[in-house]
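Residue strings, one per chain:
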Amino acid sequence: MSLQDEFKKLSEKVKQYRDEAHVQLHLAREDVKDEWDDLEQDWDRFRTKIEQMMHDAENASQEARQTTKKLGEDLKAGYQNIRKKLK
C-alpha cells in the first residue's frame, strides 16, 4: 500500500468516526460536547496536515509522516471514545 493510500484510508476512517459521532452528539452530555469541541480543533489541524502530506508525500520527512499519522490515530481514538460514551 502506498503512503498516499495509507493516509487516504486513515483519513476516510477518521471521517467515518467523526460523522457517526456527530450524528449522536445532540444526545451528549455537556462534558462530551466539550471533548467534541477540542477534537474538532484537532480535526481541522489534521485535515490541513493530510492535505500537505498528500501534496508533498514523496518529499515529506519521516518525522512529518509520523506526526501526521499519530495525530490521525489520536483523533480516531478520540472519536471512538465519544461514540462509546454516547451508546
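A brief look at the structure comes next. (Residues numbered from 1 in each chain as written. Predicted model: local features only at pLDDT ≥ 70, side-chain atom pairs only at ≥ 80, totals over all residues. Heavy atoms only, no water.)

**Focus on the packing of helix 2 (residues 30-55) against helix 3 (residues 62-86)**
Selection rule: Structural elements are reduced to axes, namely lines fitted to C-alpha atoms, with helices fitted over the stretch in contact, and the angle between N-to-C directions of any two is expressed from 0 to 180 degrees. Where helices and strands are cited, they refer to DSSP runs of H or I of at least four residues and of E of at least two residues respectively, numbered from the N terminus. Each angle is binned into one of four classes, with values under 35 degrees roughly parallel, values over 145 roughly antiparallel, values of 65 to 115 roughly perpendicular, and all other values oblique. Less than a right angle of anticlockwise turn of the near helix away from the far helix marks a crossing as left-handed, whereas a clockwise turn marks it as right-handed.
Contact geometry of helix 2 with helix 3 gives a least axis separation of 9 Å together with a crossing angle of 150°. By the angle class used here, helix 2 and helix 3 are roughly antiparallel. Our pair here, helix 2 against helix 3, has a crossing hand that is left-handed.

**Side note on the nonpolar core**
Stated formally: Remark: nonpolar core denotes a set of buried residues (Ala, Val, Leu, Ile, Met, Phe, Trp, Tyr, Cys) joined through side-chain atoms within 4.5 Å. Only protein chains enter the accessibility calculation, which uses a 1.4 Å probe; a residue whose area is less than 20% of its type maximum is buried, one above 50% is exposed, and one in between is partly exposed.
Counting residues in hydrophobic clusters, the biggest one holds 19 residues, and the most contacted among them are Val 14, Trp 36, Trp 43, Phe 46, Leu 75, Tyr 79 and Ile 82. When contributions to this core are tallied by element, the ones reaching two or more residues are helix 1 (3-24), helix 2 and helix 3. Top contributing element to this core by residue count: helix 2, with seven residues.

**Considering the layout of surface pockets**
The following threshold applies: Buried and open spaces are told apart on a 1 Å grid over the protein atoms alone, a cavity being a set of points where a 1.4 Å probe fits but cannot get out and a pocket being an open set with protein on both sides within 12 Å along at least five of seven lines. Residues with an atom within 4 Å of a point are the lining residues. Grid points are joined across faces, edges and corners, and a volume is the space filled by probe spheres set on the points. Under the scheme applied here, ten amino acids are nonpolar (Ala, Val, Leu, Ile, Met, Phe, Trp, Tyr, Cys and Pro), four are charged (Asp, Glu, Lys and Arg), and all others, including Gly, are polar.
Roughly 150 Å³ of volume is contained in the largest pocket. Lining the largest pocket, in full, are Met 1, Glu 6, Phe 7, Lys 9, Leu 10, Glu 12, Lys 13, Lys 69, Glu 73 and Lys 76. Breaking the lining of the largest pocket down by element, the ones donating at least two residues are helix 1 and helix 3. Sort the elements by how many residues they give to the lining of the largest pocket and helix 1 lands first, with six residues. Of the residues assigned to the lining of the largest pocket, the class counts are three nonpolar, no polar and seven charged.

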